[in-house]
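Coordinate analysis (summary)
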Amino acid sequence: MASPTVVIASLVFYSFIASFSVAANFYNDFDITWGDGRGQIVNNGELLTLSLDKASGSGFQSKNEYLFGKIDMQLKLVPGNSAGTVTAYYLSSKGSTWDEIDFEFLGNLSGDPYILHTNVFSQGKRNREQQFSLWFDPTVDFHTYSILWNPQGIIFSVDGTPIREFKNIESKGVPFPKAQPMRIYSSLWNADDWATRGGLVKTDWTHAPFTAYYRNFNANACIWSSGSSSCPSNSPPSSTSSNSWLSQELDSSNQERLQWVQKNYMIYNYCTDTKRFPQGLPSECNTA
């Protein structure tokens, strides 16, 4: 296992690499879907902002649907007293048995850290929450939040550092999102009934409007359109091809980094919550 000093240096290095993402044009990739003007695309399409005030929040969604992909987005979160607010950034399909892969950033009082809440839904099955604190202040600068979703599993990463892995273990009866195309969504909204200390701390509207910022979207992904995928089905991915992410898994170095982050920054794991699951932990929790 790598030492804390080595891992911190590695986190800084990967953060440095992540800052060089190629800028996307939000006009081409996303639509503002709600908020009555509180969501805006500015700087010739290089920056997107979402705002929340007492009347409404705001949100956007991707123009494309995807069936597997490596999705990167840089976010800078609401600064200061963000208690009661939630910035959600996620992939989701539609219907009663939907799939979903979530990043949710739970605001907090000034000086207290954000909580990064993650979840995976498969065929409508939920309750797979893991929560983390972060090793930096996510309101000071942009950081890259990534979802790698391929047939082998789902990996959540922050600035290139893996924080969570959800493997495909359908062979053990655990549903895995693999058949429903998903869009990318994001929203900034008021959730002071639960977001901060279980709803004990309410949103202070004297600090409104609250604003989150987005840039440098990148999707190496299979676009789903008219019932077919943009990824060729007859050519398996290789380590040198543009769709090498389709077969990507964590190597031993990244496994060590994942374990170190989970040991030092994970603050809730449904797989250890025996009070919540008195009849036994979910089956995926018993798989190494």
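Going by what an unreviewed UniProt entry lists, the protein is known as Xyloglucan endotransglucosylase/hydrolase and is assigned to Hibiscus trionum. Per its UniProt entry, the protein bears the Sequence similarities (unreviewed entry) comment "Belongs to the glycosyl hydrolase 16 family." Per its UniProt entry, the protein bears the Function (unreviewed entry) comment "Catalyzes xyloglucan endohydrolysis (XEH) and/or endotransglycosylation (XET). Cleaves and religates xyloglucan polymers, an essential constituent of the primary cell wall, and thereby participates in cell wall construction of growing tissues."

Our next topic: the side chain of T49. Position of T49 among the secondary structure elements: in strand 3 (residues 47-52). Sequence-distant contacts of T49, that is, excluding residues within four places in its chain, are made with R38, G39, Q40, T211, A212 and Y213.

Let's shift gears to the environment of F142. Among the secondary structure elements, F142 is positioned in the loop between strand 9 (130-132) and strand 10 (143-150). Along the backbone, F142 and M73 are 69 residues apart, and their C-alpha atoms lie at a distance of 9.4 Å. Ignoring anything within four residues of it in the chain, the contact list for F142 reads L47, Q74, L75, K76, Y213, Y214 and R215.

Glancing now at the UniProt feature "active site" (unreviewed entry) in the protein. The positions that UniProt labels "active site" (unreviewed entry) are, in the present scheme, E100 and E104. Position of E100 among the secondary structure elements: in strand 7 (residues 100-106). Polar contacts involving the side chain of E100 include one to the side chain of S92, which spans 3.5 Å. Inspection of the secondary structure assignment puts E104 in strand 7.

Definitions and cut-offs
Residues numbered from 1 in each chain as written. Predicted model: local features only at pLDDT ≥ 70, side-chain atom pairs only at ≥ 80, totals over all residues. Heavy atoms only, no water. UniProt positions renumbered as here; feature names shortened; annotations may be inferred. Helix = DSSP H or I, 4+ residues; strand = E, 2+ residues; numbered from the N terminus. Contact = heavy atoms within 4.5 Å. Polar contact = N/O pair within 3.5 Å; in protein donor to acceptor, adjacent residues only side chain to side chain.

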